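Observations on chain architecture
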Amino acid sequence: MAEFRSCVQKTHKMYMNRWNRIGQIAHGKNPDGLLNDRTVEGCIFPLLLGVLFSLSSDAGTYGAIQWRQPHLYLNIVLYGILFWFLFAAIFRFCFRDKTATFYGDRTSKPKHGLLKWLKFNHVESPRCVLFDGMRIFLCWLPYVLLLYPGSLFWDTGDQLAQYYGIAAFSLAPGVISDRHPFFDTFLYGWFSDLGRFLTGNPDFGFSLCALIQVLLFALCIAWVLAYMSTRSMRKRIITVCTAFFCLFPIIPMMAMVICKDTTHALFFLPWTILYVKLVDGGLEPLRNPRFLSAFIVLTILSSLTKKTGLYIIVVSLLLLVLGHFRKKMKILVVCLAASTWLVINVLVPALLFPALHVVPGEKVAAIVTPVQMLARTAYDHSTTTVGSQKETVDEIMPFGWEGMASKYTPYLADPVTGYGANNPRGSLLSFARLWANVGIRHPLSYLNGFFCLEGGWMSFVGPQSTNAQKSPYSQEPMVTRVNAWTATNPDTYGRLHSDPEPNWRQRLAQETLQTLTTIPVFNAFFYVATWSSVVPFFILYAGWRRRRRENLSVLAMRTLPYFISVLSLLAYAISFSVPGRMDPTRYVFHAIVTAPLALGALFAVRGNGYPQQTDQSYSDCGISSN
């Protein structure tokens with residue numbers, strides 16, 4: 001009788017709460033609605049994103065921002081409203097209060113042995129991470145079989161050509177350029193030598209490299225999911241992230257491509273996990289020798305495998321001095337950042353470059369965006385700009401004012417920057433003064449040059465090629481693109497080893513990806529801009545709305561590597577994912593694999609209110625021997 005009375009009381013209370021909520025909505029009060037006062041306070045982020053999308057879409061379609069056309073401002077409103085509602089809905093899904101967290105009963109066992117093998121553990125222990133990594137690899141296995149033996153990217157072929165003494169990148173034979181990191185060049189060359197030694201075919205070595213990449217990515221992602229389970233988040237968020245990593249085809253397809261961006265992401269992802277652990281631990285984990293050793297190794301490898309990796313890591317470490325940590329630990333972090341910079345930029349070039357016949361990369365490779373903006377100004381004002389301004393450009397830039405104007409291509413910086421052909425004379429400081437002086441006189445040209453080159457990170461549509469479009473203007477969806485087979489330069493690596501013909505399995509994988517990018521709603525995950533701007537802006541939006549629950553400075557510190565790596569996209573020579581170019585996809589790949597970790601960083605570390613990972617949890621990671 002008592003149980004029946006309690007049930008009746010709970011039912012009555014539930015219906016009364018619903019009736020009161022209906023009354024609040026009828027009187028214009030909707031505290032649980034999709035849009036309320038708390039939602040409005042973060043509206044600046046979706047609205048700003050709407051402005052960027054409108055400007056970038058115009059630049060990608062017309063080659064210039066159409067300031068006098070009404071569609072520009074209508075698109076700002078439409079994109080702003082779209083992202084506002086989208087961000088509010090996703091935030092409600094992820095951060096709704098008074099819901100069960102992920103930390104439910106870990107001791108329950110599936111009835112059938114097969115289900116036990118398929119169930120993810122999400123426990124941060126070596127054994128559990130290994131088993132979860134095996135499960136992820138099984139989900140990727142169809143793509144691995146279709147794409148075997150992997151593929152070489154165009155630039156990778158040029159690196160291998162230099163490794164074997166063939167001239168590339170406008171250099172003499174036998175010289176290796178560090179424009180593409182020399183560490184990657186020798187790494188891929190060693191796998192090529194291994195394949196030649198074992199079977200007489202370098203493709204066998206490349207297949208081993210691709211398989212190792214896939215296996216290591218599966219383990220790293222399993223570690224990401226296990227670490228996310230230590231945050232006070234809802235179970236369904238972990239489930240969605242697990243399904244994303246297992247089913248999103250771009251990740252295994254990129255893991256089968258041998259290029260510097262994939263190799264860098266393989267080291268940068270675990271480094272980011274350790275970085276978040278470092279912030280959560282108040283920098284105290286650096287006192288642990290094992291943690292410090294692993295952190296240093298991943299720091300060096302992440303810096304050696306990609307040029308922007310060094311800057312992302314050093315800036316992320318230096319910004320930790322702004323956090324509320326012990327002074328001694330801040331000094332240690334600064335020393336670590338300075339040491340990394342000295343090792344990569346001073347010690348390695350001084351000791352290894354002469355012995356390995358490596359020459360430093362061109363200075364212009366680090367400033368392609370400012371050079372492209374300057375070239376746009378020369379293109380727009382090739383005959384009107386005279387006097388000392390033009391003479392200064394001719395003195396600093398080898399192509400000169402007219403040369404930059406004739407070589408300018410709106411959506412690709414390579415014709416202007418070249419390989420050393422347009423390296424600025426003198427110091428970068430003199431170039432910075434020139435760039436600022438020209439920009440003050442021609443700000444609209446700078447804006448057009450910037451959004452034509454980098455607008456692909458903030459637009460769902462773009463041009464059909466890297467050349468300027470003419471009327472009638474057309475638009476192409478800027479989706480992720482992955483080469484399913486090897487395509488190298490016949491004038492460099494092609495002289496040593498011809499590209500194998502794509503087989504039916506590789507063509508099937510390519511066609512499957514093309515089909516997935518055309519399915520409505522589902523294709524939203526395949527837009528490059530989804531990962532380069534929409535997801536980062538949502539994390540900013542969510543972090544701002546959670547500032548009353550979490551310390552805003554702590555949230556910022558946890559997500560520093562993610563946001564700095566996303567900002568580094570603005571330094572690349574192409575952003576619009578036009579047909580036939582997978583460059584934007586490989587550039588944004590690290591942002592794809594670190595996005596769930598950045599989302600998890602918005603949640604607090606599990607406190608006393610959540611169950612601990614017990615011994616039973618660890619024993620359930622795999623099938624027991626009995």
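Residues numbered from 1 in each chain as written. Predicted model: local features only at pLDDT ≥ 70, side-chain atom pairs only at ≥ 80, totals over all residues. Heavy atoms only, no water.

A few points about the overall build of the protein
Of the regular secondary structure elements, the protein holds 28 helices and 6 strands. A sequence separation of at least 24 residues applies to 79% of the contacts in the protein between residues at least 6 apart. Entry remark: accessible area of the protein is about 28,400 Å², with carbon and sulfur atoms responsible for 65%. (Helix = DSSP H or I, 4+ residues; strand = E, 2+ residues; numbered from the N terminus. Contact = heavy atoms within 4.5 Å. Areas by Shrake-Rupley, 256 points an atom, 1.4 Å probe, with all protein chains shown as cover.)

Thoughts on the pattern of salt bridges
Applying the stated criterion across every chain, the model contains 13 salt bridges. In this structure, arginine 287 engages glutamate 284 in a salt bridge whose closest nitrogen and oxygen atoms are separated by 3.6 Å. A relative accessible area of 27% places glutamate 284 in the partly exposed class. Note that aspartate 583 is salt-bridged to arginine 581, the shortest N-O span being 2.9 Å. Residues joined in a network through salt bridges with shared partners are Asp155, Asp261, Lys306, Arg581, Asp583 and Arg586. (Salt bridge = Lys/Arg side-chain N within 4 Å of Asp/Glu carboxyl O. Buried < 20%, exposed > 50% of the residue type's maximum accessible area, 1.4 Å probe, protein only.)

Thoughts on helix H9 (residues 202-228)
Taking 1.5 Å per residue, 27 residues should reach 39 Å; H9 reaches 39 Å between its end C-alpha atoms and fits that length. Across the 27 residues of H9, 19 count as buried, placing the element largely inside the fold. Of the residues flanking the start of H9, the one acting as N-cap is asparagine 201, its side-chain oxygen 3.0 Å from the backbone nitrogen of aspartate 203. (Expected span 1.5 Å × (residues − 1). Polar contact = N/O pair within 3.5 Å; in protein donor to acceptor, adjacent residues only side chain to side chain.)

A closer look at the side chain of threonine 156
Within the element layout of this structure, threonine 156 appears in helix H7 (residues 154-163). Threonine 156 sits in the buried class, given a relative accessible area of 1%.

Considerations on the environment of arginine 196
Residue placement: arginine 196 occurs in helix H8 (residues 182-199). Leaving out residues up to four positions away in the same chain, arginine 196 has contacts with Tyr164, Asn201, Pro202 and Leu496. A distance of 3.4 Å separates polar atoms of two side chains, one belonging to arginine 196 and the other to tyrosine 164.

Overview of the side chain of asparagine 448
On the secondary structure map, asparagine 448 appears in helix H22 (residues 443-454). Here the side chain of asparagine 448 touches isoleucine 65 through a polar contact of 3.0 Å, landing on its backbone nitrogen. Aside from chain neighbours lying at most four places away, what touches asparagine 448 is Ala64, Ile65 and Arg376.

Considerations on the confidence of the model for the protein
Counting all residues, the mean pLDDT for the protein is 84, and 84% of those residues have values of 70 or more. Here residues 21-35 is a poorly scored stretch, pLDDT under 50, and it has 18 contacts once near neighbours within four places are set aside; other chains count. Overall, residues 98-108 carries pLDDT values under 50, and its contacts beyond four positions in sequence, including any with other chains, amount to 31 contacts. (pLDDT = per-residue confidence, 0-100.)

Considerations on a nonpolar patch on the surface
Taken together, the side chains of Trp117, Leu118, Leu130, Met134, Ile212, Leu216 and Leu219 make up a nonpolar region of the molecular surface, amounting to roughly 600 Å² of accessible area. Secondary-structure elements contributing two or more residues to the nonpolar patch are helix H5 (113-118), helix H6 (126-147) and H9. With 3 residues, H9 is the single largest residue contributor to the nonpolar patch. (Patch = residues over 30% accessible without salt bridge, like charges linked within 9 Å, V, L, I, M, F, W, Y side chains within 5 Å.)

Digging into helix H23 (residues 504-516)
For H23, spanning 13 residues, the distance from its first C-alpha to its last is 18 Å, which sits close to the expected 18 Å at 1.5 Å a residue. Looking at H23, one finds that the buried residues are Gln506, Ala509, Gln510, Leu513 and Leu516. Around the axis of H23, the buried residues are gathered within 130 degrees of arc, so they sit on the same side. Residues of H23 that are buried make contact with H6 and helix H11 (250-255). (Arc of directions from axis to C-beta.)

Details of the environment of leucine 145
Relative to the elements of secondary structure, leucine 145 occurs in helix H6. Each C-alpha atom of the pair leucine 145 and arginine 505 lies 7.9 Å from the other, and the pair is 360 residues apart in sequence.

Here's the deal with the packing of helix H4 (residues 70-95) against helix H24 (residues 528-545)
Contact pair H4 / H24: the axes reach a minimum separation of 10 Å and the direction vectors enclose 60 degrees. For the element pair H4 / H24, the angle class is oblique. Seen along the crossing, H4 lies across H24 with a hand that is right-handed. Contacts from Phe83, Phe87, Ala88, Ile90, Phe91 and Phe95 of H4 reach H24 at Val534, Phe537, Phe538, Tyr541, Ala542 and Arg545. A class-by-class count of the residues in the contact of H4 with H24 yields 11 nonpolar, no polar and 1 charged. (Axes fitted to C-alpha atoms, helices over the stretch in contact; angles between N-to-C directions. Parallel < 35°, antiparallel > 145°, perpendicular 65-115°, else oblique. Left-handed = near helix turned anticlockwise from the far one by under 90°. Nonpolar A, V, L, I, M, F, W, Y, C, P; charged D, E, K, R; others polar.)

Describing the nonpolar core
Ranked by internal contacts, the top residues of the largest apolar core, which has 125 residues, are Phe53, Phe95, Ile136, Ile251, Met404 and Phe538. With 12 residues, H9 is the single largest residue contributor to this core. Counting residues in hydrophobic clusters, the runner-up holds 36 residues, among them Tyr163, Phe267, Leu278 and Ile564. (Core = buried A, V, L, I, M, F, W, Y, C linked by side-chain atoms within 4.5 Å.)

A word on the packing of aromatic side chains
One pass over the structure, following the stated rule, counts 37 aromatic pairs. Consider the rings of phenylalanine 83 and phenylalanine 460, whose centres lie 6.5 Å apart with planes at 55 degrees: the pair is tilted. A residue pair is termed long-range when its members are at least 10 positions apart, and phenylalanine 83 in helix H4 and phenylalanine 460 in the loop between H22 and strand E5 (461-462) qualify at 377 residues. Given the relative accessible area of 18%, phenylalanine 460 is considered buried. (Phe/Tyr/Trp six-rings, centres within 6.5 Å; stacked < 30°, edge-to-face > 60°.)

Things to note about unusual backbone geometry
Generally, phi is negative for residues other than glycine and the peptide bonds are trans, each holding for most cases. Geometrically, the link from tyrosine 148 to proline 149 is a cis peptide bond, its omega value of 10 degrees lying close to zero. Assignment of secondary structure puts proline 149 in the loop between H6 and strand E1 (151-152). The phi dihedral of histidine 122 is positive, around 55 degrees, even though this residue is not glycine. As for its placement among the helices and strands, histidine 122 is situated in the loop between H5 and H6. Residue class for histidine 122 comes out buried when judged on its relative accessible area of 7%. Phi at leucine 283 takes a positive value of approximately 70 degrees, unusual for a residue other than glycine.

Digging into the environment of alanine 168
As for its placement among the helices and strands, alanine 168 is situated in the loop between H7 and strand E2 (176-177). The buried category is assigned to alanine 168, whose relative accessible area is 6%. It is 9.7 Å that separates the C-alpha atoms of alanine 168 and glycine 157, two residues lying 11 residues apart in sequence. Apart from the residues lying within four places of it in its own chain, the contact partners of alanine 168 are Asp158, Gln162 and Thr492.

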